[in-house]
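# Structure at a glance
One letter stands for each residue in the lines below.
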Amino acid sequence: MSKGILYDATLCIGCKQCEQACAEQNKLPYDDKIAAETRQSDHKFTVVLSQDDKFMRRLCMNCEEPACASVCPVGALQKTALGPVAYDAHKCMGCRYCMVACPFGVPKYEWNNSLTPKVQKCTMCADRVLAGQQTACAEICPTGATKFGERAELLEEAKKRIRENPGNYVTHIYGETEVGGTSVLLLSSIGFENFGYRTDLVRDPLPLFTYRVLSRIPDFLPLAAVTLGGIWWITHRREEVAAAEGQNGKKNRGQR
Ligand code: SF4
Ligand code: SF4
Ligand code: SF4
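Here is a short report on the structure shown in this document.

Calculation notes
Residues numbered from 1 in each chain as written. Chains lettered and ligands numbered in written order. Predicted model: local features only at pLDDT ≥ 70, side-chain atom pairs only at ≥ 80, totals over all residues. Heavy atoms only, no water. Core = buried A, V, L, I, M, F, W, Y, C linked by side-chain atoms within 4.5 Å. Buried < 20%, exposed > 50% of the residue type's maximum accessible area, 1.4 Å probe, protein only. Contact = heavy atoms within 4.5 Å. Pairing = 2+ DSSP bridges. Helix = DSSP H or I, 4+ residues; strand = E, 2+ residues; numbered from the N terminus. Axes fitted to C-alpha atoms, helices over the stretch in contact; angles between N-to-C directions. Near = heavy atom within 4 Å. 1 Å grid on protein atoms, 1.4 Å probe; cavity = no way out; pocket = protein on both sides within 12 Å on 5 of 7 lines; lining within 4 Å. Sits in = over half its atoms within 2 Å of the grid points. Nonpolar A, V, L, I, M, F, W, Y, C, P; charged D, E, K, R; others polar. Points joined across faces, edges and corners; volume = space filled by probe spheres on them. Salt bridge = Lys/Arg side-chain N within 4 Å of Asp/Glu carboxyl O.

## Focus on the nonpolar core
- Core analysis: the biggest nonpolar cluster contains 39 residues, and Y7, M56, M61, F104, Y174, L186 and Y197 have the highest contact counts within it.
- Residues contacting F104, with those up to four places away along its chain left out, are R58, M61, C63, Y174, V179, T182 and L201.
- If you look at the next biggest cluster of nonpolar residues, it comprises 10 residues, including C68, C98, Y109 and V119.

Structure below.
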């Protein structure tokens, strides 16, 4: 069974411990300045937004059929059987198609890392989930607003919460059907559009559209393969040169 995260904004107190736990999990810096940032970035994979006394998290939705993975020419992004959409930086050639394809604007690029830039995003703590653990943000959450579990069970729980307390929620489980469904499910007492979530998304998985578009452009794939192969070679050549320079530097220092 596939895992998921249920975030219930009505239980959230805006403490941002999830942000901090995420930073620690991903070896990213976290201080007061970063805590104040309200946009997902290459150094902040989840944000807790607030509007009056309401809160809302943003993070990668870890889509059931991710558009980012469907356009990645080298399979650097992959939907895993357990739910997380994982990322392999060693495969990535830096084309950034994923950034264009994602309907939630999630993947970010390390523009300030000129040597070995990577795409960055929440991967639903893929390593932890694989090891049988819950995500770091769910583990730390003091109120249960962020809850980890089986997606199917979390979905039933979300429906039950709305059924039993209809006055507390808008009747929409965000992620149940958006772009074919997502591993992250959201509940809120006010419309999701208040926090920048798109409410015009189709129910069909976006990779279907990708396939339909590509199937009508027969010359696209060979051309893309040649172009992107060139980009990949340049990107990885820089890494090799950097590694070789590092080794030479060490040798030279050792010879002194
Ligand atoms: S939200 Fe965007 S980056 Fe995350 S899995 Fe879906 S398409 Fe990929
Ligand atoms: S699931 Fe993991 S990577 Fe994603 S926001 Fe939570 S702690 Fe961060
Ligand atoms: S840790 Fe839980 S209560 Fe605190 S901001 Fe995150 S989701 Fe809300």
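## What to know about the sheet that holds strand β1 (residues 3–8)
- Spatial ordering of the open sheet is given by β8-β1-β9, a layout of 3 strands whose pairing is mixed. In this open sheet, the two strands that pair with only one neighbour each are β8 (146–150) and β9 (184–187). Averaged over all adjacent pairs, the angle separating strand axes in this sheet is 25°, with direction ignored.
- Inspection of the sheet shows β1 paired to β8 by 5 bridges, in the antiparallel sense.

## What to know about the pairing of strand β2 (residues 47–51)
- Summarising the sheet, β2 and strand β3 (residues 54–58) pair through 5 bridges and their orientation is antiparallel. Bridging from a neighbouring strand, V48 pairs with R57 of β3.
- Between β2 and β3, which pair antiparallel in sequence order, lie 2 residues; one of them, D52, sits at a positive phi of approximately 55°.

## Overview of the site of ligand 2
- Lining the immediate surroundings of ligand 2 are 13 residues, of which C22, C122, M124, C125 and C137 lie closest.
- Judged by the fraction of its atoms near the pocket grid, ligand 2 is located in the largest cavity.
- Here the shell around ligand 2 is built from residues that sort into 8 nonpolar, 4 polar and 1 charged.

## A look at the pairing of β1
- The element β1 is extensively covered by neighbouring structure, given that 6 of its 6 residues are classed as buried.
- Neither face of β1 is exposed, since K3, I5 and Y7 on one face and G4, L6 and D8 on the opposite face are all buried.

## Considerations on the site of ligand 3
- Not every one of the 15 residues close to ligand 3 is listed here, only the nearest: C12, C15, K16, C18 and C141.
- Its residues assigned to classes, the shell around ligand 3 shows 9 nonpolar, 4 polar and 2 charged.

## A few points about the layout of surface pockets
- Within this model, the largest pocket holds a volume of roughly 420 Å³.
- Elements supplying a minimum of two residues to the lining of the largest pocket: β5 (85–87), β7 (119–120) and α5 (126–130).
- No other element matches α5, which puts 3 residues into the lining of the largest pocket.
- For the lining of the largest pocket, the class distribution of residues is 9 nonpolar, 4 polar and 5 charged.

## Focus: the pattern of salt bridges
- On inspection of all chains with the given rule, the structure shows 12 salt bridges.
- Here E110 makes a salt bridge to K118, at a shortest N to O gap of 3.6 Å.
- The exposure class of E110 is buried, given its relative accessible area of 11%.
- Taking the shortest distance from any N to any O, the salt bridge between E156 and K159 comes out at 3.7 Å.

## Topic: empty space enclosed by the protein
- Counted by the stated rule, this structure contains 6 cavities of 30 Å³ or more.
- There is about 110 Å³ of room inside the largest cavity.
- Residue lining of the largest cavity: 14 residues in total, with C22, C122, M124, C125 and C137 positioned closest to the centre.
- Looking at the lining of the largest cavity, its residues break down into 8 nonpolar, 5 polar and 1 charged.

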